Amino acid sequence: MDPAAALLDTPGQLTAHRVHNILRKHNGGPLELERILKELGDAQTANSTLEEEQLLEALLRDDRLRSARGYRQRFSMSGRSVRLRPPGNKAEQVIEQENEQVKKQLLDQLREVPPEVFEHIVAALFTAMKYEEAVVTRHSRDGGVDVHATLVGGGVMTVPASIQVKRWTKPVTVKEVRELRGTLPPGTQGIIVTTGKYTKDAPREALSDRLTPIHLIDGRLLADLLTEHGIGVQASRLSLLSLDLNALASITGRAESTTQIIPSQLSNSTQRRYYIGKMPSDRDSCLLDSIVTMTSLADGQPTWDDYIASFKQHFPTITRSDEARRRSRVLVSLGLVDIENGHMSLTLTGRHLLENPNAGFLYDVFTSRIAGAQEIQDFALSLTRAQLRAKLRTEPPAGLSPTQAGLVEKWLHHLKPSIPIKPSPHAQ
């Protein structure tokens, strides 16, 4: 069970859990927001920008919440698409394990403090959660309620809350839920907070449709909430570094605008331009097929090492791992994959290519992202290939060396052999 999938989920958190499960069914994504809405069954109108924005905000809130509670964020969002973040690296795993240990120690301490201290801690927590007038009751008159508070919604409505706290290690049962419900005045919100757990039947009883709902906070969620609001824990700030091959592949500066570009929702970046490496296979292979094969190997978020092993199996002429890595980085330049925490992940552009392998689409991706590609394509309209290659040796596009320009021309030639160029005067 996901540690954040606790008892007192908000509608936004429940949506995030459902999106997480949908993306897991699709090997981590990415998926367009529109498609996710359809699978959620929440789409009311086709192509509703408002619904997509609301979904995006729910996922962003989930990521912020998880971060505040000491968990890794779950989603990576780019434009109008979402994918799952790949598994954490060793440093992130160690941090999460340490955070879990601190929360366990926090619960142990809460079970040892005097009952009245624990009640005041819970009152302080509800104050931090934007409840007003959170006060500890007098035990002789509380009817089992330990803290009273008021939830104010938007300044136009107030909901009184009666909170019962349990410094228990044993589970809270249906009996305690029913007893609290029996003490509640009409219109009052009932909440049970325990340092332990609940029996399997207690949540069903608490959320019965026929009765006043009782909200449950177990020990795990209590520790999360205290962590989120900085009560009893401190958060250290240390930057965790990760390799960004996308930045390494790009050229500093902004590219000029172009009308020949792939749709913005399928492109990771239409502002930066990227270098390109050698072709992934020998000359006899179809370049489109090779790129599609390379991209498909990234489905399922394999580690980079596992990906390279699969790459060498599919392209046996490349035997060295360092060379396989260099060849595979063209996928980053083309915006077909991301590499995060040592894992390969498909982008929406990569997913689109796998679902519809199309040479024209890949050609448009290439010309929109690769430095010099658009300029060389324009040169090719009025020159023979021999003239074009001669020109690139002496006048390559700005920012490219003659060797790099020649490499880009070679890619363009193989991606779209039918590119309109002036026929050679020596052609038969």
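A brief structural summary. (Residues numbered from 1 in each chain as written. Predicted model: local features only at pLDDT ≥ 70, side-chain atom pairs only at ≥ 80, totals over all residues. Heavy atoms only, no water.)

### Looking at the overall build of the protein chain
Part 1 of the argument: If you tally the helices and strands in the protein chain, you get 18 helices and 12 strands.
Part 2 of the argument: Within the protein chain, contacts between residues separated by at least 24 positions form 64% of all contacts whose residues are at least 6 apart in sequence.
Part 3 of the argument: For the protein chain, the exposed surface amounts to about 22400 Å²; the carbon and sulfur share of it is 52%. (Helix = DSSP H or I, 4+ residues; strand = E, 2+ residues; numbered from the N terminus. Contact = heavy atoms within 4.5 Å. Areas by Shrake-Rupley, 256 points an atom, 1.4 Å probe, with all protein chains shown as cover.)

### Overview of the pattern of salt bridges
Part 1 of the argument: Applying the stated criterion across every chain yields a total of 31 salt bridges.
Part 2 of the argument: Between E340 and R85 there is a salt bridge, and its shortest N-O distance comes to 2.7 Å. Of this pair, E340 sits in strand β11 (residues 337-340) while R85 sits in the loop between β3 (81-84) and α4 (90-112), and the two are 255 residues apart along the sequence.
Part 3 of the argument: Looking at E340, the relative accessible area reads 16%, which means it is buried.
Part 4 of the argument: For D224, the salt bridge identified is with K103, shortest N-O distance 2.7 Å. Pair noted here: D224 is in helix α8 (residues 219-228) and K103 is in helix α4, with a separation of 121 residues, a long-range link. The same class applies to D224 as to K103, namely buried.
Part 5 of the argument: Through salt bridges with shared partners, a single network forms among R72, R83, R85, E92, D338 and E340. (Salt bridge = Lys/Arg side-chain N within 4 Å of Asp/Glu carboxyl O. Buried < 20%, exposed > 50% of the residue type's maximum accessible area, 1.4 Å probe, protein only.)

### Some points on the sheet that holds strand β2 (residues 75-78)
Part 1 of the argument: What the three strands build is an open sheet, ordered β1-β3-β2; its pairing is antiparallel. The open sheet has two free edges, formed respectively by β1 (31-32) and β2, since each of these has just one partner strand.
Part 2 of the argument: Across two bridges, the pairing between β1 and β3 is antiparallel. Looking at the pairing, E32 lines up with S81 of β3. (Pairing = 2+ DSSP bridges.)

### Description of the packing of helix α1 (residues 11-25) against helix α2 (residues 33-40)
Part 1 of the argument: With their axes 10 Å apart at the nearest point, α1 and α2 run at an angle of 105° to one another. In terms of orientation, α1 and α2 fall into the roughly perpendicular class. When α1 is examined against α2, the residues T15, R18, V19, I22, L23 and K25 are found in contact with a partner set consisting of I36, E39 and L40.
Part 2 of the argument: Of the residues contributing to the contact of α1 with α2, the split by class is five nonpolar, one polar and three charged. (Axes fitted to C-alpha atoms, helices over the stretch in contact; angles between N-to-C directions. Parallel < 35°, antiparallel > 145°, perpendicular 65-115°, else oblique. Nonpolar A, V, L, I, M, F, W, Y, C, P; charged D, E, K, R; others polar.)

### Here we look at the packing of aromatic side chains
Aromatic ring pairs: the centre-centre distance and the angle between the two ring planes describe each pair.
Part 1 of the argument: Throughout the structure, instances matching the rule amount to four aromatic pairs.
Part 2 of the argument: Members of the aromatic cluster, joined through ring pairs, are Y307, F311 and F315.
Part 3 of the argument: It is K170 that lies over the ring of W168; its NZ or CZ is 4.6 Å from the centre.
Part 4 of the argument: Directly above the aromatic system of Y274 lies the positively charged group of R369, at a separation of 4.2 Å from the ring centroid. (Phe/Tyr/Trp six-rings, centres within 6.5 Å; stacked < 30°, edge-to-face > 60°. Lys NZ or Arg CZ within 6 Å of the ring centre and 35° of its normal.)

### Description of the side chain of S162
Part 1 of the argument: Structurally, the position occupied by S162 is in strand β6 (residues 157-166).
Part 2 of the argument: Judged by its relative accessible area of 4%, S162 is buried.

### Looking at the layout of surface pockets
Part 1 of the argument: In this structure, the largest pocket spans a volume of roughly 830 Å³.
Part 2 of the argument: Taken together, 24 residues form the lining of the largest pocket, with S67, G70, I95, N99 and S236 sitting closest to its centre.
Part 3 of the argument: At the level of secondary structure, the elements contributing two or more residues to the lining of the largest pocket comprise α3 (49-68) and α4.
Part 4 of the argument: With eight residues, the single largest contributor to the lining of the largest pocket is α4. (1 Å grid on protein atoms, 1.4 Å probe; cavity = no way out; pocket = protein on both sides within 12 Å on 5 of 7 lines; lining within 4 Å. Points joined across faces, edges and corners; volume = space filled by probe spheres on them.)

### Thoughts on the environment of T319
Part 1 of the argument: Summarising the element assignment, T319 is placed in the loop between α11 (304-314) and α12 (321-328).
Part 2 of the argument: A C-alpha to C-alpha distance of 9.8 Å links T319 and A309, two positions 10 residues apart in sequence.

### Examining the nonpolar core
Part 1 of the argument: Membership of the largest hydrophobic core comes to 48 residues, with the highest contact counts inside it found for I291, Y307, L334, F366, V408 and W411.
Part 2 of the argument: If sequence neighbours within four positions are ignored, F366 has contacts with I276, L334, A373, V408, W411, L412 and L415.
Part 3 of the argument: Listed in part, the 26 residues of the second largest apolar core include A123, I163, V193 and L221. (Core = buried A, V, L, I, M, F, W, Y, C linked by side-chain atoms within 4.5 Å.)

### Quick look at α1
Part 1 of the argument: Between its first and last C-alpha atoms α1 spans 21 Å; for 15 residues at 1.5 Å apiece the expected length is 21 Å, and the two agree.
Part 2 of the argument: Every buried residue belonging to α1 is among G12, Q13, T15, A16, H17, V19, H20, I22 and L23, and all of these are buried.
Part 3 of the argument: Those residues of α1 hidden inside the fold are in contact with β1, α2, α3, β2 and β3.
Part 4 of the argument: At the exit of α1 stands N27, carrying a positive phi of roughly 55°. (Expected span 1.5 Å × (residues − 1).)

### Quick word on the environment of M294
Part 1 of the argument: Among the secondary structure elements, M294 is positioned in helix α10 (residues 287-296).
Part 2 of the argument: Given a relative accessible area of 0%, M294 falls into the buried group.
Part 3 of the argument: Between the C-alpha atoms of M294 and F311, which are 17 residues apart in sequence, the distance is 7.0 Å.
Part 4 of the argument: Beyond its immediate sequence surroundings of up to four residues, M294 is in contact with P280, Y307, F311, F315, R327, S328, V330 and L331.

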